[in-house]
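Single-letter residue listing:
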Amino acid sequence: MKALEGVRILDFTHVQSGPTCTQLLAWFGADVIKVERPGVGDATHNQLVDVPGADSLYFTMLNHNKRSIELNSKNETGKQVLTRLVEECDVLVENFAPGALDRMGFGWEAIQKINPRMIMASVKGFGPGKYEDCKVYENVAQCAGGAASTTGFVDGPPLVTGAQIGDSGTGLNLALGIVTALFQREKTGRGQKVLAAMQAGVLNLCRVKLRDQQRLSAGPLTEYSQHGEGIPFGEAVPRAGNDSGGGQPGRILKCKGWETDPDAYTYFITQAAAWPKICDLIGKPEWKEDPGYATPPARLDKLNEIFGEIEKWTMTKGKFEVMDLCNPLDIPVGPILSMKEIAEDEGLRATGTIVEVDHPTRGKYLTVGNPIKLSDSPSEVTRSPLLGEHTEEVLRDVLGYSDEEIHRIAASGAVGELQKAAE
Ligand code: CAO
């Protein structure tokens, strides 16, 4: 028994943000039926292809545990099939460009008429307002949500981050919105509309920067390295390099081998409680009592000097050695792990955070597993579907069409070639 067993999702998502959400719901046991345009499908099937003729990793890594049905939602017969799907499903999830669903004839009003219990969940770039009609991709959301202006170094341009906070981050928000709406439906019997805007999702993750924006009016942000460096603050929160976001100063420091290994670095936090042990470890015991260094406020204008001294020590050690030496002393540090190291990490495989999946056309590949572990709802990762692999199965088993009706639907051009499903 899985947590969301019995919940049926009409998955109209594509690219990354929406598919992240429905993949998560599938991992929790929902029956996710991905609707794809006949012969075309989600654009990511053919993006960043590494194995010619096979679905790309971009597609496979976002669409595990789902079924795929090819359906032309603009064809009259296709609309009838889609109407039946709306009747049979609990949730419709979509991340089309604004207005696309209305143009298909399946906007919120229409959906409610067909199935008042249906939850209609959407990812959009922006919420209601002046940008609501815009198409949006990950990096646009990172820029519009405040992440880019606060990422990077104070003397450099804004930067986007490799973590897909706009797409995958918003997919997580949408999944929470959906299960919350399902919970409420238990009491009201009604569906509702769920909206997760990417700009709002990114801003939500950048709340500490909105905090700092307001603190600026009370004076300089003393925990930012630029304060100790004598660089004045402007009107907006500046980029803070690798400073930690909280009140415990931290930096990325070089470790042994940094000259040739781009990831031979560690994150090092000078947590106040660990200060005496840090002083002993790096050979600066005199800093424990020296009033210029003994308290956190006294250290704020000397962070460059302090981290310079700590780095002299970390440069004599490997990044894992730093961890081994600091952890027993409760000094918070973290090695900078490369994707290669993460891919090879046995611990991550043991917990199912990274899993190996077999695929009929591309063979074995690695993917991320469910990052959320439920003790009573195991989630194993099964391969992504081929385009239209389950068209016939869904028409027959979910919608109850007879063989004759299925052939009539196929002849109308509403679905892809049926023999594909039979192969
Ligand atoms: N049958 C028939 N038509 C279909 C179909 C189907 N099964 N599935 C999709 N379509 C049609 C849509 O109806 C739409 O047609 P119209 O423009 O005529 O209404 C068309 O395909 C294209 O949809 P789209 O505009 O959503 O796709 P796009 O590639 O042009 O834009 C994106 C992609 C992501 C920019 C846009 O969908 C968007 O802004 N989405 C919301 C924000 C979002 O999720 N962004 C993150 C994406 S991940 O990086």
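To keep things clear, this report deals only with the structure shown in the data block. Counting of residues starts from 1 at the beginning of each chain's written sequence and follows it residue by residue. Only residues with pLDDT of 70 or above have their local features reported here, since the model is predicted, and side-chain atom pairs are shown and tallied only from 80 upward, although totals for entire chains, interfaces and linings are computed over all residues. For side-chain calculations, the full set of non-hydrogen atoms in the structure is used, while hydrogens and water are omitted.

Let's talk about the sheet that holds strand β3 (residues 66-70)
Right, so step 1: Whether two strands pair comes down to DSSP finding at least two bridges between them. For the purposes of this entry, the term helix denotes a DSSP run of H or I that reaches at least four residues, the term strand denotes a run of E that reaches at least two, and both are numbered from the N terminus. Read across the open sheet, the 6 strands follow the order β3-β2-β1-β4-β5-β6; overall the sheet is parallel. On the outer flanks of this sheet lie β3 and β6 (193-197), each paired with one strand and no other. Each neighbouring strand pair of the sheet contributes to a mean axis angle of 20 degrees, computed without reference to strand direction.
Right, so step 2: In this sheet, strand β4 (residues 91-94) lies alongside strand β1 (residues 8-12) in parallel orientation, the contact comprising 4 bridges. Each bridged residue has a counterpart across the sheet, and for leucine 10 the counterpart in β4 is leucine 92.
Right, so step 3: Note on contacts: a residue pair is in contact if any heavy atoms of the two residues lie within 4.5 Å. What counts as an axis is a line fitted to C-alpha atoms, over the stretch in contact for a helix, and the angles between N-to-C directions run from 0 to 180 degrees. Against the sheet, helix α8 (residues 198-205) makes contact with β5 (119-124) and β6, and its axis sits at roughly 60 degrees relative to β6, the strand it touches most.

Regarding the site of the ligand
Right, so step 1: Around the ligand sit 23 residues in total, of which Ala97, Arg103, Lys135, Val136 and Asp167 are the nearest.
Right, so step 2: N or O atoms closer than or at 3.5 Å make up a polar contact, with two conditions inside protein: a donor-capable atom paired with an acceptor-capable one, and, for residues adjacent in sequence, both atoms drawn from side chains. Serine 73 has a polar backbone atom sitting 3.1 Å from a nitrogen atom of the ligand.
Right, so step 3: Aspartate 167 places a side-chain nitrogen or oxygen 2.6 Å from an oxygen atom of the ligand.
Right, so step 4: The leading source of residues in the shell around the ligand is helix α4 (residues 100-104), at 3 residues. Being near a molecule or strand, for a residue, means having at least one of its heavy atoms within 4 Å of it.

Re helix α17 (residues 391-398)
Right, so step 1: When a residue's accessible area, from a 1.4 Å probe over protein chains only, is under 20% of the maximum for its type it is buried; when over 50% it is exposed; and in between it is partly exposed. Where α17 is concerned, the buried positions are Thr391, Glu392, Val394, Leu395 and Val398.
Right, so step 2: Within two residues after α17, glycine 400 carries a phi angle of roughly 75 degrees, on the positive side.

Overview of the nonpolar core
What tends to happen in soluble globular proteins is that the nonpolar side chains get buried as a cluster.
Right, so step 1: Membership of the largest hydrophobic core comes to 35 residues, with the highest contact counts inside it found for Ile9, Leu25, Val91, Val93, Leu174 and Ile178.
Right, so step 2: Secondary structure elements with two or more residues in this core: α1 (17-27), β4, β5, α7 (168-188), β6, α8 and β10 (354-357).
Right, so step 3: Those residues within four positions of isoleucine 9 in sequence are excluded, and the remaining contacts are Thr22, Leu25, Ala30, Asp31, Val32, Ile33, Cys89, Val91 and Val93.
Right, so step 4: If you look at the next biggest cluster of nonpolar residues, it comprises 31 residues, including Val81, Cys89, Leu92 and Met118. Buried Ala, Val, Leu, Ile, Met, Phe, Trp, Tyr and Cys residues form a nonpolar core when they are joined through side-chain atoms within 4.5 Å.

A look at the packing of aromatic side chains
Right, so step 1: Stacked, tilted and edge-to-face are the three classes applied to pairs of Phe, Tyr and Trp rings, where Trp contributes its six-membered ring and a pair requires centres within 6.5 Å; stacked means planes under 30 degrees apart, edge-to-face means over 60, and tilted covers the rest. Tallied over the entire structure, the rule returns 5 aromatic pairs.
Right, so step 2: A ring is scored as having a charge over it whenever the NZ atom of a lysine or the CZ atom of an arginine sits within 6 Å of its centre and within 35 degrees of its normal. The residue whose ring lies beneath lysine 254 is tryptophan 258, and the NZ or CZ to ring-centre distance is 4.1 Å.

Examining the sheet that holds strand β7 (residues 250-254)
Right, so step 1: On the basis of which strands lie adjacent, the open sheet formed by 3 strands has the order β7-β8-β9 and antiparallel pairing. Here the strands that pair on one side only, and so sit at the sheet edges, are β7 and β9 (333-335). This sheet shows a mean twist of 20 degrees between the axes of neighbouring strands, independent of strand direction.
Right, so step 2: Relative to strand β8 (residues 265-269), β7 is paired through 5 bridges, and the arrangement is antiparallel. Of the residues in β8, the one forming a bridge with isoleucine 252 is tyrosine 267.

Describing unusual backbone geometry
Right, so step 1: Phi at leucine 48 takes a positive value of approximately 55 degrees, unusual for a residue other than glycine.
Right, so step 2: Mapped onto the secondary structure, leucine 48 falls in the loop between β2 (31-36) and α2 (57-60).
Right, so step 3: Owing to a relative accessible area of 70%, leucine 48 belongs among the exposed residues under this scheme.
Right, so step 4: A positive phi angle, near 60 degrees, is found at asparagine 65, a position not held by glycine.
Right, so step 5: For asparagine 65, a relative accessible area of 17% puts it in the buried group.

Observations concerning the environment of asparagine 46
Right, so step 1: If you trace the backbone, asparagine 46 turns up in the loop between β2 and α2.
Right, so step 2: Sequence separation of asparagine 46 and arginine 383 is 337 residues, and the distance between their C-alpha atoms is 17 Å.

Quick word on the pattern of salt bridges
Right, so step 1: Salt bridges are counted wherever a side-chain nitrogen of Lys or Arg sits within 4 Å of a carboxyl oxygen of Asp or Glu. Tallying each qualifying case throughout the model produces 24 salt bridges.
Right, so step 2: One salt bridge in this structure joins lysine 34 and aspartate 42, with 2.9 Å as the shortest N-O distance.
Right, so step 3: The closest approach of N and O atoms between aspartate 212 and arginine 211, which form a salt bridge, is 2.9 Å.
Right, so step 4: Using a relative accessible area of 1% as the deciding quantity, one classes aspartate 212 as buried.
Right, so step 5: A relative accessible area of 35% means that arginine 211 is categorised as partly exposed.
Right, so step 6: By sharing partners, the salt bridges in this structure join Arg8, Asp31, Arg67 and Glu393 into a single network.

Note that every value here comes from positions in space, so none of it alone points to a role or purpose.
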